[in-house]
Amino acid sequence: LDLERRGQPYALKFIASNTYASSALTREGTDKDKVITIIPGVDHFPLKGNYPESPSALLSVADFVRPNGYVNMIKALTALKSKDWQLHCYGDLTLDADYIRELQVLIRRCELQNKIMLHPALSGKALSDAYLNSDLFIHPVNFEAYSKEAVDALAHGIPVVASSGGGNSQIIPAKMGKLFKPEVVYVLQTIIDELLDNPVLYKNLAGEASKYHKQAHSWEQSVNQFEEVISKLK
């Protein structure tokens, strides 16, 4: 929003990634006619083939930095450590070494060394395989206008648990995931607990997530919309 304010005198148009971001711009005083929403495209990923009765392979993909909610996720999972699950987290390990050490200390203090693993960031097929090998995607980031990681999980057919902060409520269909209020650890814990213990709920979410690719916005659509905007400005 700060960048948008500084760009006001110069920008002919503002392109936002979803209606949440568009609304945020207009609330800041941007002329509504200058704001255009173009949803990012989704790659054509392979789909998860078989789902377990209950999720045990949990996945998170987000850089290891303080705003991304890892501490809350670890605290939420601490009360569930007697249950059958493992969480693999992938992100950039070089951005905040002190924070990584804090997370590792917290994991040891909560006796979750065999439950929660922190890995370097992945890309390409390796990242796609990580999605396919998971049963449930947990995205603890407190605020995002557009969560590409959550969208990619859905595009692989993986149901999502994510914060309701920012645009997640608009990009994660209600039948394909569960949302928790940012910073409310107990609600996140309750949602994960219910999914671990309620096969019917998990089956329903997984079944709907497996259909997400049918409604996903293609890159071809996004590119065409960009080209139309640029052509008009020219």
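Conventions used here
- Within each chain, residues carry numbers counting from 1 in the order of the written sequence.
- Where local features are concerned, this predicted model is filtered to residues with pLDDT of at least 70; where side-chain atom pairs are given and counted, the filter is 80 or more; whole-chain, interface and lining totals use all residues.
- Only hydrogens and water are removed before side-chain values are computed, so all heavy atoms of the structure are retained for them.
- The residues that make up patches have over 30% relative accessible area and no salt bridge, and they are joined within 9 Å when like-charged or within 5 Å when they are Val, Leu, Ile, Met, Phe, Trp or Tyr.
- The protein chains shown are the only cover counted for residues, whose accessible areas, like all others here, come from Shrake-Rupley with a 1.4 Å probe.
- The rule for a salt bridge is simple: a side-chain nitrogen of Lys or Arg has to be within 4 Å of a carboxyl oxygen of Asp or Glu.
- Secondary structure follows DSSP: runs of H or I at least 4 residues long count as helices, runs of E at least 2 residues long count as strands, and numbering of each begins at the N terminus.
- Should DSSP find at least two bridges between two strands, the strands are taken to pair.
- Think of it like this: strands point away, you trace from the first strand over the helix to the second, and a clockwise trace means the crossover is right-handed.
- Buried Ala, Val, Leu, Ile, Met, Phe, Trp, Tyr and Cys residues that are joined via side-chain atoms within 4.5 Å together make up what is termed a nonpolar core.
- Each residue is assigned to one of three classes by its accessible area relative to the maximum for its type, calculated with a 1.4 Å probe on protein chains only: buried under 20%, partly exposed between the two thresholds, exposed over 50%.
- Any two residues whose heavy atoms approach within 4.5 Å at even a single point are treated as in contact.
- Site definitions follow a grid-based scheme: protein atoms alone, a 1 Å grid, a 1.4 Å probe that fits but cannot get out for cavities, and for pockets an open set with protein on both sides within 12 Å along at least five of seven lines, plus lining residues having an atom within 4 Å of a point.
- Grid points are joined across faces, edges and corners, and a volume is the space filled by probe spheres set on the points.
- Residues are grouped as follows: nonpolar covers Ala, Val, Leu, Ile, Met, Phe, Trp, Tyr, Cys and Pro; charged covers Asp, Glu, Lys and Arg; every other residue, Gly included, is treated as polar.
- Disulfides are defined as pairs of cysteine sulfur atoms found within 2.5 Å of each other.
- Fitted lines through C-alpha atoms serve as axes, helices being fitted only where they are in contact, and the angles separating the N-to-C directions of these axes extend from 0 to 180 degrees.
- Any two of the Phe, Tyr and Trp rings considered here, Trp counted by its six-membered ring, make a pair once their centres fall within 6.5 Å; the pair's planes then place it as stacked at under 30 degrees, edge-to-face at over 60, or tilted in between.
- A ring is considered to have a charge above it if a Lys NZ or an Arg CZ atom is located within 6 Å of its centre and within 35 degrees of its normal.
- In summary, the charge assignment counts Lys and Arg as positive and Asp and Glu as negative, without counting His or the chain termini.
- Nitrogen and oxygen atoms within 3.5 Å of one another constitute a polar contact, given that in protein one can donate a hydrogen and the other can accept it, and given that sequence-neighbouring residues count only through two side-chain atoms.

**Some words on a nonpolar patch on the surface**
On the surface, Ile15, Phe226 and Ile230 cluster together into a nonpolar patch covering about 250 Å² of accessible area. By the secondary structure assignment, isoleucine 15 is in strand S1 (residues 14–16).

**Overview of the pairing of strand S5 (residues 116–120)**
Pairing analysis gives five bridges linking strand S4 (residues 86–91) to S5, with the strands arranged parallel. Counterpart to leucine 87 in the pairing with S5 is isoleucine 116. A crossover connection joins S4 to the parallel S5 through helix H4 (residues 97–109); in handedness this β-α-β unit is right-handed.

**Side note on the nonpolar core**
Core analysis: the biggest nonpolar cluster contains 34 residues, and Leu77, Trp85 and Ile116 have the highest contact counts within it. Mapped by element, the contributors of at least two residues to this core are helix H3 (70–78), S4, H4, strand S6 (136–139), helix H8 (185–197) and helix H9 (199–209). Here tryptophan 85 is in contact with Ser56, Leu58, Leu77, Leu80, Leu112, Lys115, Ile116 and Leu196, once residues within four sequence places are set aside. Core analysis: the next-biggest nonpolar cluster, separate from the first, contains 22 residues, Tyr146, Leu154, Ile171 and Ile172 among them.

**Digging into the layout of surface pockets**
Considering only enclosed or pocket space, the largest pocket measures out at about 210 Å³ in volume. If you go around the largest pocket, you meet 15 residues; those closest to its centre are Ile39, Tyr146, Gln170, Ile171 and Tyr212. Secondary structure elements with two or more residues in the lining of the largest pocket: helix H7 (168–171) and helix H10 (212–215). Residue composition of the lining of the largest pocket, by class: nine nonpolar, six polar and no charged.

**Overview of the state of the cysteines**
This model, assessed by the stated rule, comprises zero disulfides. The structure places no disulfide on cysteine 89, whose sulfur is separated from the nearest cysteine sulfur, that of cysteine 110, by 13 Å.

**Quick notes on the pattern of salt bridges**
What the rule picks out here adds up to 13 salt bridges. A salt bridge links arginine 6 to aspartate 2, with the nearest nitrogen and oxygen atoms 2.7 Å apart. You can see arginine 6 and its partner aspartate 2 sitting in helix H1 (residues 2–7), four residues apart, about one turn around the helix. Given a relative accessible area of 54%, arginine 6 falls into the exposed group. Judged by its relative accessible area of 42%, aspartate 2 is partly exposed. The closest approach of N and O atoms between arginine 101 and aspartate 98, which form a salt bridge, is 2.3 Å. Note that arginine 101 and aspartate 98 are positioned in helix H4 at a spacing of three residues, about one turn of the helix. Classification of aspartate 98 by relative accessible area gives partly exposed; the value is 45%.

**Details of the sheet that holds strand S3 (residues 57–61)**
Sheet strands associate in pairs through backbone hydrogen bonding, adopting either a parallel or an antiparallel arrangement. The strand order S5-S4-S3-S6-S7-S8 describes an open sheet built from six strands, whose pairing is parallel. The sheet terminates laterally at S5 and strand S8 (177–180), the two strands that pair on one side only. Recorded for the sheet is a direction-independent mean angle of 20 degrees between the axes of neighbouring strands. As paired elements, S3 and S4 share five bridges and run parallel to each other.

**Observations concerning the packing of aromatic side chains**
This structure, assessed with the given rule, holds three aromatic pairs. Arranged with centres 5.7 Å apart and planes meeting at 35 degrees, the rings of tyrosine 131 and phenylalanine 137 form a pair that is tilted. Judged by its relative accessible area of 2%, tyrosine 131 falls in the buried class. Judged by relative accessible area, which is 0%, phenylalanine 137 ranks as buried. Between lysine 48 and the ring centre of tyrosine 51, over which it is positioned, the NZ or CZ distance is 5.9 Å. When the ring centre of tryptophan 85 is taken as origin, the NZ or CZ atom of lysine 115, which lies over that ring, is 4.9 Å away.

**As for the side chain of glutamate 144**
With respect to the helices and strands, glutamate 144 occurs in the loop between S6 and helix H6 (148–155). The side chain of glutamate 144 sits in the buried core without any salt bridge; lysine 148 is the nearest counter-charge, 11 Å away. Among the polar contacts made by the side chain of glutamate 144, one reaches the side chain of histidine 139 at a distance of 2.9 Å. Within the structure, the side chain of glutamate 144 is placed 3.2 Å from the side chain of serine 147, a separation counted as a polar contact. When near neighbours in sequence (up to four residues on either side) are disregarded, glutamate 144 contacts His139, Glu149, Gly165, Gly166, Gly167 and Asn168.

Function-wise, these values are silent; they only describe arrangement.
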